[in-house]
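Survey of secondary and tertiary structure
For reference, the chains in residue letters:
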Amino acid sequence: MAMSELPDSRTEPDGSAVVRILSYNVRSMRDDEDALARVIRACAPDLVFVQEAPRFFRWRKHAARLAAKSDLVVLSGGATAAGPLLLCSLRATVEHTEDILLPLTPGRHRRGLATAVVRIGRARLGLVSCHLSLYADERHAQAGLLLDRVAALGTPYAVVAGDLNELPGGRTWTRLTKELRDGREAAPWGGEHTWPATAPDRRIDAILATPGVEFLACGVPTGLDRRDLTAATDHLPVLAVVRVPAA
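Treat the numbers as computed from the prediction; the structure is a model and nothing was measured.

Turning next to the environment of Ala151. Mapped onto the elements of the fold, Ala151 is located in helix α3 (residues 136-152). By relative accessible area, which is 62% here, Ala151 ends up exposed. Counting along the chain gives 107 residues from Ala151 to Ala44, while the straight-line C-alpha distance between them is 29 Å.

Below, the discussion takes up the pairing of strand β9 (residues 157-163). For β9, the tally of buried residues reaches 7 of 7 residues, placing the bulk of the element in the interior. With 7 bridges connecting them, strand β8 (residues 123-131) and β9 associate as parallel partners. Bridge pairing links Leu127 to Val159 in β9. The handedness of the β8 to β9 crossover, carried by α3, is right-handed. Pairing analysis gives 5 bridges linking β9 to strand β11 (residues 205-209), with the strands arranged antiparallel. Note on β11: the bridge partner recorded for Val159 is Ala209.

Next up on the list: the pattern of salt bridges. Scanning the model with the defined rule gives 20 salt bridges in all. The partner of Arg38 in a salt bridge is Asp228, with the nearest N and O atoms 2.9 Å apart. Taken as a pair, Arg38 in helix α1 (residues 33-43) and Asp228 in helix α6 (residues 226-232) lie far apart in primary sequence, 190 residues in all. For the salt bridge of Asp137 with Arg108, the shortest nitrogen-to-oxygen distance reads 3.2 Å. Here Asp137 is found in helix α3, whereas its partner Arg108 is found in the loop between β6 (93-101) and β7 (112-120), with 29 residues between them in sequence. On the accessibility criterion, Arg108 (25% relative accessible area) is partly exposed. Through salt bridges that share partners, Arg10, Glu12, Glu214 and Arg243 make up one connected network.

Turning our eyes to something else, we now look at the environment of Trp59. Residue placement: Trp59 occurs in helix α2 (residues 59-69). Along the backbone, Trp59 and Leu72 are 13 residues apart, and their C-alpha atoms lie at a distance of 17 Å.

So, how was this worked out
Residues numbered from 1 in each chain as written. Predicted model: local features only at pLDDT ≥ 70, side-chain atom pairs only at ≥ 80, totals over all residues. Heavy atoms only, no water. Helix = DSSP H or I, 4+ residues; strand = E, 2+ residues; numbered from the N terminus. Buried < 20%, exposed > 50% of the residue type's maximum accessible area, 1.4 Å probe, protein only. Pairing = 2+ DSSP bridges. Right-handed = clockwise from strand over helix to strand, strands pointing away. Salt bridge = Lys/Arg side-chain N within 4 Å of Asp/Glu carboxyl O.

Put into structure tokens, the structure is as follows:
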């Protein structure tokens, strides 16, 4: 299935929503910002789960600029979530946002979660953008805290997406997929490997969802300008199309 054959975003007569979701590690927007925005726009997402958003000087301005160039708006996150960020189209009605800082291990990078609850059509959906630790012990503990946060959102359905810093089958990945469905496994489409962008040979980025969220397609989008993909950042994006039942 080519990009042009993916289902369009829409609201069904019964109130359920077909939603395009993009997960993307943008390496603090240190690369080609215009190429990054072109990749995002080409995927036509309703929701974007960003990792490694700018965290320092004028970070809000950088996040707002990326959103504007991508025809989106900032939903939550950024420096206040230690890097994870959420962007959305005007299709989403925002109900609640909260930025979460995870416990800091001395000498290691601070991690956090950008979370939100949105409504699209009559579908109510919880969102969590994450970027887990490089260290296996800390990463596994963060997965447990992430799952606790999903439960605390209080929504019938939720999507978690981000840079897991681990290959499928790893201890943390297994912990997450005991409760969440892996979109790539459920509805494989496009490419599989997400890093490094110049010669991808591993899948460390994922889009996951609670039971009841139906994956229609999930993978690295095909048919995009290869020059833009390699110039934008060091990760490839993950695009999923899901159907969320009416609440």
